[in-house]
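Per-entry structural report
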Amino acid sequence: MTDTEGSAQSARGDHYVQSLERGLAVIRAFSAERPEMTLSDAARATGLTRAAARRFLLTLTDLGYVRSDGRLFALTPRVLELGYAYLSAAGLPEVAQPHLQALAAEVRESSSVSVLDGDSVVYVARAATSRIMRVAISVGTRLPACFTSMGRVLLASRPPAEIDARLERAELPALTRHTLTDPAELRTELDRIRDQGWAIIDQELEEGLRSVAAPIRDRDGRVIAAANVSAPADRTTLRGLRTDLLPPLLATIARIEADLEIATRIGGSQGA
């Protein structure tokens, strides 16, 4: 161990296991661009000596995480177990949160996931870049479903008879001058949302706030939640919502759905 390494380990505390760090570094050195490596490749990618890289690669081979033909080393599918352990214990909020954070960092706008509860949406995960509403939004916040992009996505997924019943009893006050308050017009809008697969709200909930949302589905195609991106109207046009924010939102939802499917599959196999 070098003096620098010794100092770094000392700063981290006596609990720090440097060999574990190095073993994980070897695993992370593999990538789509580098699916196979020689000992020399692994040493260069991790900064380890050839001897150290060899010990870690052979240990990972013995454990079944790496395979080798004698010269080249590659990861095996068993390495996915390292991620499955997390996913199998995770629910929607835990699975969605890191994806929301990545989306918020990409588009530099706030992103959320919510579920339908009665006539409200309840926020279950959120990554905020700034406060853009008068009401502070956090996990557990409830907002009227009819006036939110996520709420309309969730309402549009319900059976027609249920939508009719909800609209008959719904209170539709004019929260802003843009709020859609006519039940017939709102029903037409829900039909359009169901057909196109996403919803846009233009300052209906609060002046100066726009958002776009789309559904999150389970492995059977049922809508279980919705995700959105919200942005101030003074820096995001309606066209910008569709062209700049909707595509990364849909890509994020696809990743959330893929992880949820893995979690469901692993959880089901463990319970079998």
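Our subject in this report is the structure included herewith. (Residues numbered from 1 in each chain as written. Predicted model: local features only at pLDDT ≥ 70, side-chain atom pairs only at ≥ 80, totals over all residues. Heavy atoms only, no water.)

1. A few points about the overall build of the protein
Of regular secondary structure, the protein possesses 10 helices and nine strands. Of the contacts formed within the protein by residues at least 6 apart in sequence, a portion of 56% connects residues at least 24 apart. Accessible area for the protein stands at about 14500 Å²; split by element, carbon and sulfur atoms hold 51% of it. (Helix = DSSP H or I, 4+ residues; strand = E, 2+ residues; numbered from the N terminus. Contact = heavy atoms within 4.5 Å. Areas by Shrake-Rupley, 256 points an atom, 1.4 Å probe, with all protein chains shown as cover.)

2. Let's talk about the pairing of strand E4 (residues 110-117)
Pairing geometry for E4 and strand E9 (residues 223-232), over five bridges, is antiparallel. Paired with Ser-112 across the two strands is Asn-228, which belongs to E9. In this structure, E4 lies alongside strand E5 (residues 120-127), joined through seven bridges in antiparallel fashion. Bridge pairing links Leu-116 to Val-121 in E5. Two successive antiparallel strands, E4 and E5, enclose a turn made up of two residues, where Gly-118 displays a positive phi of approximately 65°. (Pairing = 2+ DSSP bridges.)

3. Digging into the side chain of His-99
Within the secondary structure, His-99 is located in helix H6 (residues 92-107). Sequence-distant contacts of His-99, defined by excluding residues within four places in its chain, comprise Thr-252, Arg-255, Ile-256 and Asp-259.

4. With respect to the nonpolar core
Core analysis: the biggest nonpolar cluster contains 27 residues, and Leu-92, Val-113, Val-212, Ile-216 and Leu-249 have the highest contact counts within it. The residues contacting Leu-92, other than those within four sequence positions of it, are Val-113, Val-115, Val-124, Ala-225, Ile-256 and Leu-260. Among the nonpolar cores identified, the runner-up in size contains 24 residues, and Cys-146, Phe-147, Met-150 and Leu-205 belong to it. (Core = buried A, V, L, I, M, F, W, Y, C linked by side-chain atoms within 4.5 Å. Buried < 20%, exposed > 50% of the residue type's maximum accessible area, 1.4 Å probe, protein only.)

5. Side note on the sheet that holds strand E8 (residues 209-217)
Whether parallel or antiparallel, the strands of a sheet pair through hydrogen bonds between backbone atoms. Pairing is antiparallel in the open sheet, where six strands are placed in the order E6-E5-E4-E9-E8-E7. Edge positions in the open sheet fall to strand E6 (142-144) and strand E7 (199-202), since each of these has one partner strand only. Taking each pair of neighbouring strands and ignoring which way they run, the sheet shows an average axis angle of 30°. Taken strand by strand, helix H7 (residues 149-156) contacts E4, E5, E7, E8 and E9, and its axis lies near 155° from that of E9. (Axes fitted to C-alpha atoms, helices over the stretch in contact; angles between N-to-C directions.)

6. Some remarks on a nonpolar patch on the surface
A cluster of nonpolar side chains, namely Val-17, Leu-20 and Leu-24, defines an oily patch on the protein surface of about 260 Å² accessible area. Within the secondary structure, Val-17 sits in the loop between helix H1 (3-12) and helix H2 (18-29). Judged by its relative accessible area of 45%, Val-17 is partly exposed. (Patch = residues over 30% accessible without salt bridge, like charges linked within 9 Å, V, L, I, M, F, W, Y side chains within 5 Å. Salt bridge = Lys/Arg side-chain N within 4 Å of Asp/Glu carboxyl O.)

7. Digging into helix H9 (residues 183-196)
An ideal rise of 1.5 Å per residue puts 20 Å on 14 residues; H9 measures up with 20 Å between its terminal C-alpha atoms. Looking only at H9, the buried set comprises Leu-186, Arg-187, Glu-189, Leu-190 and Ile-193. Taken around the axis of H9, the buried residues stretch over an arc of 160°, which confines them to a single face. Exposed residues lying more than 90 degrees from the buried face of H9 are Ala-184 and Asp-195. Its buried side turned inward, H9 meets H7, helix H8 (160-169) and E7. The backbone nitrogen of Ala-184 has a side-chain oxygen 3.0 Å away, supplied by the residue at the start of H9, namely Asp-182. (Expected span 1.5 Å × (residues − 1). Arc of directions from axis to C-beta. Polar contact = N/O pair within 3.5 Å; in protein donor to acceptor, adjacent residues only side chain to side chain.)

8. Comments concerning the pattern of salt bridges
For the coordinates displayed, the defined rule picks out 16 salt bridges. Among the salt bridges present, the one from Arg-152 reaches Glu-204, with a minimum N-O distance of 2.5 Å. In this pair, Arg-152 sits in helix H7 while Glu-204 sits in the loop between E7 and E8, placing the two residues 52 residues apart along the sequence. Accessibility classification places Arg-152 together with Glu-204 in one group, the buried group. Close ionic contact of Glu-162 with Arg-158 constitutes a salt bridge, the shortest N to O distance being 3.0 Å. We classify Glu-162 as partly exposed; its relative accessible area is 24%. For Arg-158, a relative accessible area of 32% translates into the label partly exposed.

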